[in-house]
Amino acid sequence: MNRFFDPSSKTLPVSRRRFVTGVTAGAVIAGLPAGKSSAAEVAGPLPQALRGNHFDLHINYLPVNFTGRARTAVAVNGSVPGPVLRWKEGDTVTLNVTNHLAHDTSIHWHGLILPSNMDGVPGLSFNGIRPGETFTYQFPVTQSGTYWYHSHSDFQEQIGLYGAIVIDPAAPDPVASDRDYVVLLSDWSDESPHDIYAKLKKEGHYYNRRRRTAGDLWDEIRHKGVAQTWRDRKMWNEMRMSDRDISDVTGYTYTYLMNGQTPDANWSALFKRGEKIRLRIINGAAMSIFDIRIPGLKMTVVASDGQNIEPVTVDEFRIGVAETYDVVVEPADDRAYTLFAQTIDRSGFARGTLTPHPDLRAEVPAMDYAPVLTHRDMGMDHTGHDMGGMAAMDHSSHNMGGMDHSGHDMGDMDHSAHDMRGMQGMDHSGHDSDMDHDQHASHHMAGRNSDLGRAGFGSNAPVKHHLSEYGPGVDMRAEMPANGLHDPGIGLRDHQTRYGRRVLTYGDIRNLTPTIDRREPEREIQLHLTGNMQRYMWSMDGIKFSDAEPLMLKYGERLRINLVNDTMMTHPIHLHGMWSELETGDPDFIPRKHTVLVQPGSTISYLVTADAYGRWAYHCHLLYHMPGMFREVRVV
Amino acid sequence: MKKILTLAVALASVSAQAQQEHGHHDHHSREPTSAMSNLEHAPNQPDHVMDHEVLLTKVIIDQLEVREHDGSALEGSLWFGGDLNKLWLKTEVERENGETENAELQALYSRAVAPYWDLQLGLRHDFKLEGGDSRNWATIGLNGLAPYFFEVDSALFLGEDGDSALRLEAEYELLLTQQWILSPEIEINFYGQNDPGTNTGSGLSDIEAGLRLRYEFTPQFAPYIGVNYEKKFGNTANFLRVEGEVISETTWVIGLHAWL
C-alpha cells in the first residue's frame, strides 16, 4: 500500500509559521503520523498536499529568510514550494488561481497534456492573470505520474512560484512502494532575478568563481610542458571560449533548496528498514542542473518526466531543469542516508535525509570535482562517437527484439550511426566510412522516408548550419557534434571508472509500455541551439524569439525534431502540449519526455505527434536563456 | 603623494566596508537590506512570454586613479541599449601637477557586427585646456575581444581641416586567483599632422603602458595598485622638449576599477 506524502501535521496556521534559514539547525521531517509533533515546527512548513479535483490557489507575496537575510518570495497558498497537487487520472480538475501580486502572473502545468488555452503561457495560451483577477483553469487529466507547475510570467519561477503535481493512475500503479515522497529541488537567490539577468548581460561570467587562473596554467605546463599546453589552449584562446563555463548562475548567489529547505535545515523523510521508498524528484530550479545520489543506496529509476519506464538501477543521475525522475530505494540498514543533489558545476548542493528516526542523520559527502569542458563539448570531437558506441554496448541490457535485422548487435548499430554523423561534419572527410554509412542506411530503411532514419533510432541527417547562425549572436557552431544519447554529461563521464558509480544516460531509458504512435516520421526539423556567452544572447538557429517565425506543425503529423547544440552549455529543452518521444534506440518502447537535456556540442532527436491544436511554447528551460532560446510552435 | 595617501585611506575604508558586507555570506551584494529588494526591477507592462528586449545601462569606471607627482586620471564609459545596438559615451581625463593635460569625451553609436566585435561611430571632443585649443573629431572604431582574450579598442579619428589620428588600445586580464587580477594594457596614439597648439606631432606620438593589480571584492568593485609608463615620440616629443616638459615618465598609481 502506498503511504503518500501527506505532511498534514505541517499545515500550521500562517501566523505560527516560521521560516527556514540557512543556519537553522533541526530537521524538517516528512512521514510522521498526523498530529505527532516534530522538529518541523521549529524549522518551517513543508508544502501542504491538496487532493481532489477542485482547487483554490492564491498567489501572493511571502516573507522568507533562507540565508539569514529577510526577503520576499512569490508563493502559492503561502508556501515555497507551493502545495503538492494530487490529482487522479481520468478526473477533470478545476483550479481557480487568484493573483494577489502587483504584477501579472500565470501558472503553467508542466508536462501536462491539455488544451492550449489551459497551458498558462501569457501571450500564447491566454493573456496572463492580471493583479486582483482570478483565472479558472479546467481540463481533463489524461495521464499519471510526477509533474510540476510554475509561473510562466516574468522571472517568477526564480522567486518561489512553483510546486509539485502528483497524479495517481486510474489503473493500479505498476510501481509498488511503501512510502512516497516528493523531492522538489530549486535555487534561491537574495538578489532580484532582474538584477541577475542584468549582471549576466553586462558580464556573462559574473557568477563564475572558477575561471581559469595563472595557477591552472602553471599546473598544466608542469604536467604537459609548454608546447602541449600551448596546443591544448590554442583553440580555446582563438575562439575566446572558457572551458570553465559550466553554469551561468552559481552558488555565488544561489542557495539550493530541497522541498523549500536549505541544506542546513535538512529536509528529512522517514522510513522503516526494508520498506520501498518512492522518491518523486523534480527539478524546479531556475538555472541549476543537479546530479543526484544517495551514498549507500542504489536507486531504481522507474519513471522519467512522469512516464513509467523499464526500471533501471543506477548510483547516480543528472536531472535537468524541469525534468522529473521517480526512483525507488530500499534501505536494508537501520541507518540514515543523505539524499545529495550537487549542482553540475559543483558550486553548491541541496541536501536531505532519509532516516529511520528523526534524530538520525548521515554524513554529507564532499562535492565531486568540478568539471572542465573539452573539445568534445565544443562539438569538435574525434573520439566521442566511439565512446557513445561503447556506452551503448556496455549498458544495453535491453532486449532488442522487434527489429527487422535481428542478427545485428544493437551497440554496433548505434556506433555506426554515430560515426556517420561525426564524419559528415568533418571538413576533411577523406574517410571510407561514407561507404559504411550508405550500406548502413540502405540496410534498414525500406520505407519512403528512408533518408530520415527509422523511428526510434534518431536522425541520420547531416548537420547543417543555417546562414542565420553566422551573426553577432552566435559564438560557436558544432562542426562535428557528438551524439548526446549515451553521454551521462559533463562531469559525470568518468564516474563509472573513477568512483564505480553507474550513471544514468538517456540511452538507458525504455518506456514501460509499447510505443503508441508507430508511424515513421514524415519529416524532420533540425533546430540549432545557439548563443553568445560574452553578450549573453541566446537563440535557436541564431534567431531570438522576438524575431522568429513560429514553427508550423500540421495537425496529426508525425515528425522528428533533431536538436543540435551549438553551445558549450547543457540546455533542457521543453516542448509544451505534446510529448517529446526520445529516440533511445528501441522503436517499440520509445520513452515520452517533456523536457530533454541536450549535451554541449551534441545532438539528440525525438519524435513528436502533433496531436494538439493551438499555439505552444517551445524553449530552453534555463530561465535566463528563455527570452531568446524560445520558439512558438503552432499546430494547425 | 599626499593625494595618493588620501585616496589610499578612502579606498581602504570603502574596501573594509565592502568586505564586512561580504563577510557573512559568500555574496557580492551591496543591496539595501529591504526585504523586498529581491523583487526590484520587475517590468510594469503586461508580460507576454518575455518577448521584449531589455534595455540596460552599464557605467564602467575602468580606471579612476591618482598618480605620483600630483597626477590623476579617469578612464570610463557608459553604455545604454540592447544586445546589438548601443549608445556609448567614453571619457579620458588626465591631470598632472594640478593641471588638466587632456580631457576628451566620445559619443558613439555602437553596433554588434561580429560575435566579439562592435563597430562604433560618432564624435570625439577634446576639451579646450590651458594654452590649447578644443578639437572635434569624427570617430570610427572597432571595440571587442580579440583571440587570446585581448580586449581591444581601436579608433580612427578625422578632424577639421583633414586632420587625422589613430588610437590602438589593448588590455589583458590575468587571473592570479578568482579575486586577484593582474591587468597589463597598452595605448598607442598616432597623428597625421603636426599641431603645436595641442602638442601633437605627426607619426607615432605617444605610448602609454600600464600594469595594474586589482582585488575584486566583488566583480563590480575592485581597488588596484599599479605602475604607469608614458613616453612621447617624434614631433610630439620635440614640442614638449621645447616647453621643457618631460617626455618619458613612470609613475606608481592607486585607484579603483568598478562598474554598475
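All residue numbers refer to positions counted from 1 along the written sequence of the respective chain. Chains and ligands are labelled by the order in which they are written, letters from A for the one and numbers from 1 for the other. For this predicted model, a pLDDT threshold of at least 70 governs which residues receive local features, and a threshold of 80 or more governs which side-chain atom pairs are given and counted, while totals over whole chains, interfaces and linings are taken from all residues. With hydrogens and water set aside, each side-chain value is computed from the structure's full complement of heavy atoms.

An unreviewed UniProt entry lists chain A under the name Copper resistance system multicopper oxidase, from Microbulbifer harenosus.

Draft legend 1. Highlighting the UniProt feature "domain: Plastocyanin-like" (unreviewed entry) in chain A. All names here are of chain A. UniProt positions are given in the numbering used here, feature names are shortened, and annotations may be inferred rather than shown by experiment. Residues annotated by UniProt as "domain: Plastocyanin-like" (unreviewed entry) correspond here to residues 60-170, 239-342 and 519-634. Structurally, residues 60-170 comprises 0% helix and 42% strand, and the distance from its first C-alpha atom to its last is 33 Å. Helix and strand definitions follow DSSP, with helices as H or I runs of at least four residues and strands as E runs of at least two, each counted in order from the N terminus. Helix makes up 1% of residues 239-342 and strand 48%, with an end-to-end C-alpha separation of 30 Å.

Draft legend 2. Examining the interface of chain B and chain A more closely. On the side of chain A, 67 residues touch chain B, which itself brings 58 residues to the contact. Buried area is a sum: the accessible area each of two parts loses on coming together, probed at 1.4 Å, counted once for each and added. Carbon and sulfur atoms make up 56% of the area that chain B and chain A hide from each other, which totals about 5400 Å². A side-chain nitrogen of Lys or Arg and a carboxyl oxygen of Asp or Glu constitute a salt bridge if their distance falls within 4 Å. Counting every contact that joins chain B to chain A gives 2 salt bridges. For B:Asp118, the salt bridge goes to A:Arg535, with nearest N and O atoms at 2.9 Å. For this analysis, residues touch if any pair of their heavy atoms sits within 4.5 Å.

Draft legend 3. Quick peek at the domain arrangement of chain A. Residue and element names in this part refer to chain A. Domain boundaries assigned for chain A yield domain 1 (8-192 + 253-355) and domain 2 (375-635). Across the boundary between the two partners, domain 1 contributes 50 residues, which contact 46 residues of domain 2. Across the domain 1/domain 2 interface, buried area totals approximately 4000 Å², and carbon plus sulfur atoms make up 62% of it. The three residues of domain 1 that bury the most area against domain 2 are Leu 124, Met 287 and Arg 318, which together make up 16% of that side's buried surface. Along the contact surface separating domain 1 from domain 2 lie 3 salt bridges. Between Glu 323 and Lys 593 there is a salt bridge, and its shortest N-O distance comes to 2.8 Å. Reported domain spans reflect what an automatic or database domain assignment gives.

Draft legend 4. Broad picture of the pairing of strand E14 (residues 277-283) of chain A. All names here are of chain A. Along E14, 7 of the 7 residues are buried, which leaves the element largely enclosed by surrounding structure. Whether a residue is buried, partly exposed or exposed follows from its accessible area with a 1.4 Å probe, protein chains only, as a fraction of its type maximum: under 20%, in between, or over 50%, in that order. Of the two faces of E14, the one holding Ile 277, Leu 279, Ile 281 and Asn 283 and the one holding Arg 278, Arg 280 and Ile 282 are both buried throughout. When DSSP finds at least two bridges between two strands, those strands are taken to pair. As paired strands, strand E11 (residues 179-189) and E14 are joined by 7 bridges and run parallel to one another. Within the sheet, the bridge partner assigned to Val 182 lies in E14 and is Arg 280. Inspection of the sheet shows E14 paired to strand E19 (residues 324-329) by 6 bridges, in the antiparallel sense. Across the sheet, residue Ile 277 finds its bridge partner in E19, namely Val 329.

Draft legend 5. Fine view of a negative patch on the surface. In this scheme, patches are assembled from residues that exceed 30% relative accessible area and form no salt bridge. Like charges are connected within 9 Å, while nonpolar side chains (Val, Leu, Ile, Met, Phe, Trp, Tyr) are connected within 5 Å. Note on areas: Shrake-Rupley with a 1.4 Å probe; residue coverage comes only from the protein chains shown. As used throughout, the charge tally considers Lys and Arg to be positive and Asp and Glu to be negative, leaving His and the chain termini uncounted. Taken as the charge centre is NZ of Lys, CZ of Arg, CG of Asp or CD of Glu, depending on the residue. Where like charges cluster on the molecular surface, the negative patch consists of B:Glu99, B:Glu101, B:Glu130, B:Glu243 and B:Glu245. For B:Glu245, the position within the fold is in the loop between helix H2 (234-242) and strand E13 (248-259).

Draft legend 6. Geometry of the sheet that holds strand E2 (residues 49-51) of chain A. All names here are of chain A. Strand order in the open sheet made by the 5 strands is E2-E5-E10-E9-E7, with mixed pairing throughout. Each edge of the sheet is formed by a strand with only one pairing partner; in this case those strands are E2 and strand E7 (108-110). Neighbour-to-neighbour, the strand axes of the sheet open up by a mean angle of 25 degrees, direction not taken into account. Bridging between strand E5 (residues 84-88) and strand E10 (residues 162-168) involves 4 bridges; their strand directions are parallel. The residue of E10 that forms the bridge with Trp 87 is Ile 167. Note on method: axes are straight lines fitted to C-alpha atoms, helices fitted across the in-contact stretch only, with angles between N-to-C directions ranging 0 to 180 degrees.

Draft legend 7. Highlighting the pattern of salt bridges. Residues and elements named next belong to chain A. What the rule picks out here adds up to 63 salt bridges over all chains. Here Glu 220 and Arg 212 are joined by a salt bridge, their closest N and O atoms 2.9 Å apart. For the pair Glu 220 and Arg 212, a shared accessibility class is recorded, and that class is buried.

Draft legend 8. Structural detail: H2(B). Residue and element names in this part refer to chain B. Residues of H2 that are buried include every one of Thr 236, Ala 237 and Leu 240, and no others. The arc that holds every buried residue of H2, seen down its axis, measures 95 degrees, which confines them to one face. Looking one or two places after H2, you find Gly 244, whose phi comes out positive at around 75 degrees. The directions from the helix axis to the C-beta atoms are what the arc is built from.

Draft legend 9. View of the pairing of E11(A). Residues and elements named next belong to chain A. A large share of E11 lies buried, amounting to 11 of its 11 residues. In E11, alternate side chains face the same way, and those of Arg 179, Tyr 181, Val 183, Leu 185, Asp 187 and Ser 189 on one face and Asp 180, Val 182, Leu 184, Ser 186 and Trp 188 on the other are all buried. Where E11 lies against strand E12 (residues 254-258), 5 bridges are found, and the strand directions are antiparallel. Bridge pairing in E12 links Leu 185 to Met 258.

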